[in-house]
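Given next are the chains, with one letter for each unit.
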Amino acid sequence: MSTEENLFVSNVFQRRDVSLDFPSNKRVIRISHTKMTGTCWGDSSTDVTYHDILTLADHEVIVSVPDFLLSSKRQEYTKKMAETLTKLRVPEFEQPPIIDKVFMAVELADNPQWPIACLIMDITLFHQTISMAYQLDCFEKVRIDSLEGTVRHTQCVICKESLDHFEGVEEGIDRAQLIRLPCSHIFHHDCIFQWLTTSQLCPLCRYSVPVVEQAVPVVEQAMPVVEQTTEPSKPSWRQLHWPMLVTATAGGILTAMLLCKLLKQSLV
């Protein structure tokens, strides 16, 4: 079973690694609209695999300053930017924050020879439910009173409590509430089994816990072939169409930041 989440992320900044020969009263804005899809496993979106990154459109806009920043001209230039973004297939309701970022970047630009990059990313994430049957013999039950004192006070990295901490445990009941994985790492019983519903890996060493079967296979989401809506600007940009596999180690906005960095490094 999978659920779909759509994210629209934009990043506007002045590139300091590219120098152009333009008059001091001109600012070059390079807009790139890309589409990407990915699959994340479990509920936390911490493991995201991107299947493809495809450039939908590239465009270059040259504006004059301070004319572009005059409050009396704001509405006029906002309309022109909206028309440009519409041609580049950017949804109308996503345009206002992007336009605001462009105005801010132009205002803060301190070198006319450095172009302003406007990266627009349309991200579709497919959340896949993990359903795995683990080999029972890989879980060793451990009694807390069988461990040395220093080990008992070791922290369970999942709940951040010491191993000898149990909610509602009274003296005289079975204390075999710890689980040791084949990699020798020990966790609270409830903590590790809850963890294994979203990840097959040991949270400490990334050991892959053996499974009998994986009920939900990896879904390969094919990207459609989309033609560019505009001719590439000169100097030409390298086409962002990578048959790649990127694994992110942070979810949500951190994932978006990682992608921004990847795109920033790949634009020319």
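Q: Can you help me understand the packing of aromatic side chains in this one?
A: To describe a pair of aromatic rings, one takes the distance between the centres and the angle between the planes. This structure, assessed with the given rule, holds 3 aromatic pairs. Measuring from ring centre to ring centre gives 4.9 Å for F139 and F193, while their planes differ by 55°; the resulting arrangement is tilted. Here the residue F139 occupies a position in the loop between β5 (132-134) and β6 (140-142), and F193 occupies one in helix α4 (residues 189-195), the gap between them amounting to 54 residues. Assessed through its relative accessible area of 31%, F193 is described here as partly exposed. Pairwise contacts between aromatic rings join F68, Y77 and F103 into one cluster. Sitting above the plane of the F103 ring, R74 keeps its charged end 3.8 Å from the centroid.

Q: I'm lost on the nonpolar core in this one. Help?
A: If you look at the biggest cluster of nonpolar residues, it comprises 24 residues, and the most contacted ones within it are I29, I31, F68, V102 and C118. When contributions to this core are tallied by element, the ones reaching two or more residues are β2 (26-41), β3 (48-64), α1 (74-87), α2 (95-108) and β4 (116-128). Once you skip the residues sitting within four places of it in the chain, V102 turns out to touch V12, I29, F68, M81 and C118. Residues C156, L178, C183 and C191 belong to the second largest nonpolar core, which totals 19 residues.

Q: Looking at this model, I keep getting lost on the sheet that holds strand β7 (residues 178-180). Mind explaining?
A: Strand pairing in a sheet is mediated by backbone hydrogen bonds. Such pairs are either parallel or antiparallel. Strand order in the open sheet made by the 3 strands is β6-β7-β8, with antiparallel pairing throughout. Two strands close off the open sheet at either side, each with one partner strand: β6 and β8 (186-188). Between one strand axis and the next, the sheet turns by 35° as a mean value, whatever way the strands run.

How each quantity is defined
Residues numbered from 1 in each chain as written. Predicted model: local features only at pLDDT ≥ 70, side-chain atom pairs only at ≥ 80, totals over all residues. Heavy atoms only, no water. Phe/Tyr/Trp six-rings, centres within 6.5 Å; stacked < 30°, edge-to-face > 60°. Helix = DSSP H or I, 4+ residues; strand = E, 2+ residues; numbered from the N terminus. Buried < 20%, exposed > 50% of the residue type's maximum accessible area, 1.4 Å probe, protein only. Lys NZ or Arg CZ within 6 Å of the ring centre and 35° of its normal. Core = buried A, V, L, I, M, F, W, Y, C linked by side-chain atoms within 4.5 Å. Contact = heavy atoms within 4.5 Å. Pairing = 2+ DSSP bridges. Axes fitted to C-alpha atoms, helices over the stretch in contact; angles between N-to-C directions.

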